[in-house]
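If you want the building blocks of each chain, they are given just below.
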Amino acid sequence: MAPLRIRFGIIVPSSNTAMEPLITSILETVNACIPSVYTTAHFSRFRVTQISLDASAHSQFDLETILHAASLLADAKVDAILWGGTSAGWLGLDNDRQLCQAIEARFGIPAHTSTLAVLEYLQYRPDRPKLGLVTPYIKTMNDAIQDNFAKEGVTVISAEQCLSITDNVRIAEVTAEQLTEMVDRMMSLDVTTSVIAVYCTNLSAAQLVTQWEDKHRQKTLCVLDSVSIGVWGLLRKVGISTAHTGIAARWGRIFDLSL
């Protein structure tokens with residue numbers, strides 16, 4: 001029997017250069033580990049260049065602008081759409097909820113976001129783990145992210161782990177060594193940290209997750225990379241379970257979770 005063909009639509013900030021290769025690699029692993037499905041990713045962009053709290057930066061994420069990008073994916077008859085950005089972290093998670101509702105109402109296509117997938121995981125766990133936040137952003141943005149997750153009942157600790165970068169092209173240039181240093185520093189700051197979020201889809205972090213999880217096995221449940229958990233959320237949207245498939249060995253423990 002031929003595998004079930006599933007097309008995923010991904011909305012990408014225009015200056016993001018990390019998501020497309022990472023998502024393609026993750027889905028290649030999905031296809032290898034779950035031969036009953038054949039997944040592909042299809043991308044649409046809208047202009048985002050600066051990541052800050054300025055009004056001009058906020059305006060980049062206008063709902064209708066993102067919906068236009070979604071409309072181009074709807075032309076391809078994709079099976080689900082992911083907003084592959086973390087803007088709701090500082091704008092408020094209701095922004096992503098409204099976006100998903102608008103996509104589903106206008107195009108009849110299930111929608112998810114990387115930020116809502118993080119919240120989905122955290123709210124699923126009965127122990128309500130604390131979240132250690134690692135970002136490339138400025139501290140005031142980390143503080144806003146912390147406040148917005150707190151409104152959802154999530155405790156974010158050590159919001160100091162950031163790089164103060166506002167140019168999104170530069171974010172993609174953050175090295176593995178810089179990311180590892182921030183993750184290690186996070187784990188040294190608070191022994192109660194049980195989940196780390198590497199929170200930005202323009203960081204090349206997904207391929208490092210298993211390394212970090214192995215290194216800090218005694219102190220963290222998992223590392224939630226924004227790209228990886230977005231894919232995990234999309235797979236759930238279309239009813240694909242990745243638990244016990246072998247995907248976690250390459251991309252992290254989140255893929256062994258069955259909700």
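Scroll up for the structure.
Described below are features of the structure shown in this document. Keep in mind that what you see is a predicted model, and the values were worked out from it rather than measured.

So, how was this worked out
- Numbering of residues starts from 1 in each chain and follows the order in which that chain's sequence is written.
- It should be noted that, the model being predicted, local features are given only for residues of pLDDT at least 70 and side-chain atom pairs only at 80 or more, the latter also being counted only at that level, while totals for whole chains, interfaces and linings use all residues.
- No hydrogens and no water enter the side-chain calculation; it runs on all heavy atoms of the structure.
- Two strands pair if DSSP finds at least two bridges between them.
- The secondary structure listing takes helices from DSSP runs of H or I that are at least 4 residues long and strands from runs of E that are at least 2 residues long, numbered from the N terminus.
- The contact criterion used throughout is that any non-hydrogen atoms of two residues lie within 4.5 Å.
- Axis lines are fitted through C-alpha atoms, for helices just across the contact stretch, and the angle between N-to-C directions can take any value from 0 to 180 degrees.
- Note on terminology: angles under 35 degrees are roughly parallel, angles over 145 are roughly antiparallel, angles of 65 to 115 are roughly perpendicular, and the others are oblique.
- Crossing handedness is read from the near helix: turned anticlockwise from the far helix by less than a right angle, it gives a left-handed crossing, and turned clockwise, a right-handed one.
- Throughout, the ten residues Ala, Val, Leu, Ile, Met, Phe, Trp, Tyr, Cys and Pro are labelled nonpolar, Asp, Glu, Lys and Arg are labelled charged, and all others, Gly among them, are labelled polar.
- Classification of ring pairs rests on two measures: the distance between centres of Phe, Tyr or Trp rings, Trp counted by its six-membered ring, which must be within 6.5 Å, and the angle between planes, read as stacked under 30 degrees, edge-to-face over 60 and tilted in between.
- Under the scheme applied here, a residue whose accessible area is under 20% of the maximum for its type counts as buried, over 50% as exposed, and between as partly exposed, the area being computed with a 1.4 Å probe on protein chains only.
- Two thresholds decide whether a charge sits over a ring: the Lys NZ or Arg CZ must be within 6 Å of the ring centre and within 35 degrees of the ring normal.
- What makes a nonpolar core is a set of buried Ala, Val, Leu, Ile, Met, Phe, Trp, Tyr and Cys residues whose side-chain atoms join them at distances within 4.5 Å.
- We define a salt bridge as a contact between a side-chain nitrogen of Lys or Arg and a carboxyl oxygen of Asp or Glu at a distance within 4 Å.

### Remarks on the sheet that holds strand 6 (residues 156-157)
Read from one edge to the other, the open sheet built from four strands follows the order 6-5-7-8, with strand pairing classed as parallel. Every other strand in the sheet has two partners, leaving strand 6 and strand 8 (222-225) as the edge strands with one partner each. Pairing of strand 5 (residues 131-134) with strand 7 (residues 195-198) involves four bridges; the strand directions are parallel. Across the sheet, residue Val134 finds its bridge partner in strand 7, namely Val198. Running at roughly 85° to strand 8, helix 11 (residues 226-237) makes contact with strand 7 and strand 8 of the sheet.

### With respect to the environment of Asp214
Examined against the element boundaries, Asp214 turns out to sit in helix 10 (residues 209-215). Separated by 143 residues in sequence, Asp214 and Ser71 place their C-alpha atoms 41 Å apart.

### A word on the packing of helix 6 (residues 114-124) against helix 11
When two helices pack together, their arrangement is given by the angle between their axes and by how far apart the axes lie. It is at 8 Å that the axes of helix 6 and helix 11 come closest, and there the two elements cross at 80°. Of the possible angle classes, the one that applies to helix 6 and helix 11 is roughly perpendicular. Between helix 6 and helix 11, the residues in contact are Ser114, Ala117, Val118, Glu120 and Tyr121 and Ser226, Ile229, Gly230, Trp232, Gly233 and Arg236, respectively.

### A word on the sheet that holds strand 1 (residues 4-13)
Within a sheet, each strand pairs with its neighbour through backbone hydrogen bonds, oriented either parallel or antiparallel. Taking strand neighbours across the sheet as the criterion, the four strands line up as 2-1-3-4 in an open arrangement whose pairing is parallel. Every other strand in the sheet has two partners, leaving strand 2 (37-46) and strand 4 (111-113) as the edge strands with one partner each. Averaged over all neighbouring strand pairs, the angle between strand axes comes to 25°, with direction disregarded. The pairing of strand 1 with strand 2 spans 10 bridges and is parallel. The partner of Val12 across the bridge, within strand 2, is Arg45.

### Here we look at the packing of helix 3 (residues 63-75) against helix 5 (residues 93-107)
Taken N-terminus to C-terminus, the directions of helix 3 and helix 5 make an angle of 45°; their axes are 10 Å apart at the nearest point. By the angle between their directions, the pair helix 3 and helix 5 is classed as oblique. You can see that helix 3 and helix 5 cross each other, and the crossing is right-handed. Within the contact between the two elements, helix 3 uses Leu63, Glu64, Ile66, Leu67, Ala70, Ser71 and Ala74 and helix 5 uses Leu99, Ala102, Ile103, Arg106 and Phe107. Residue composition of the contact of helix 3 with helix 5, by class: nine nonpolar, one polar and two charged.

### Side note on the packing of aromatic side chains
By the definition in use, this model includes six aromatic pairs. Taking 6.2 Å as the distance between ring centres and 75° as the angle between the ring planes, the aromatic pair formed by Phe61 and Trp90 counts as edge-to-face. Of this pair, Phe61 sits in the loop between helix 2 (55-59) and helix 3 while Trp90 sits in helix 4 (residues 88-91), and the two are 29 residues apart along the sequence. Of the two residues examined, Phe61 and Trp90, each falls in the buried class. Ring pairing ties together the aromatic residues Phe46, Phe61, Trp83, Trp90 and Tyr137, which thus form one cluster. Looking at Arg236, its charged tip hangs above the ring of Trp232, at a distance of 5.6 Å from the centre.

### Here's the deal with the nonpolar core
Ile11, Tyr121, Tyr137, Leu179, Val198 and Phe255 are the most contacted members of the largest nonpolar core, which totals 89 residues. Apart from residues no more than four positions distant in its own chain, Leu179 is found in contact with Val174, Val198, Leu203, Ser204, Ala205, Leu208 and Trp212.

### Observations concerning the pattern of salt bridges
This model, assessed by the stated rule, comprises 12 salt bridges. For Lys139, the salt bridge goes to Asp143, with nearest N and O atoms at 2.9 Å. Of the two residues, Lys139 and Asp143 are both situated in helix 7 (residues 139-150); the distance of four residues between them amounts to about one turn of the helix. Accessibility expressed as a relative area gives 26% for Asp143, which makes it partly exposed. One salt bridge in this structure joins Arg185 and Glu181, with 3.2 Å as the shortest N-O distance. With Arg185 and Glu181 both in helix 9 (residues 176-189) and four residues apart, this pair spans about one turn of that helix. A relative accessible area of 49% places Glu181 in the partly exposed class. Because the salt bridges share partners, they merge into one network encompassing Asp94, Arg97 and Glu152.

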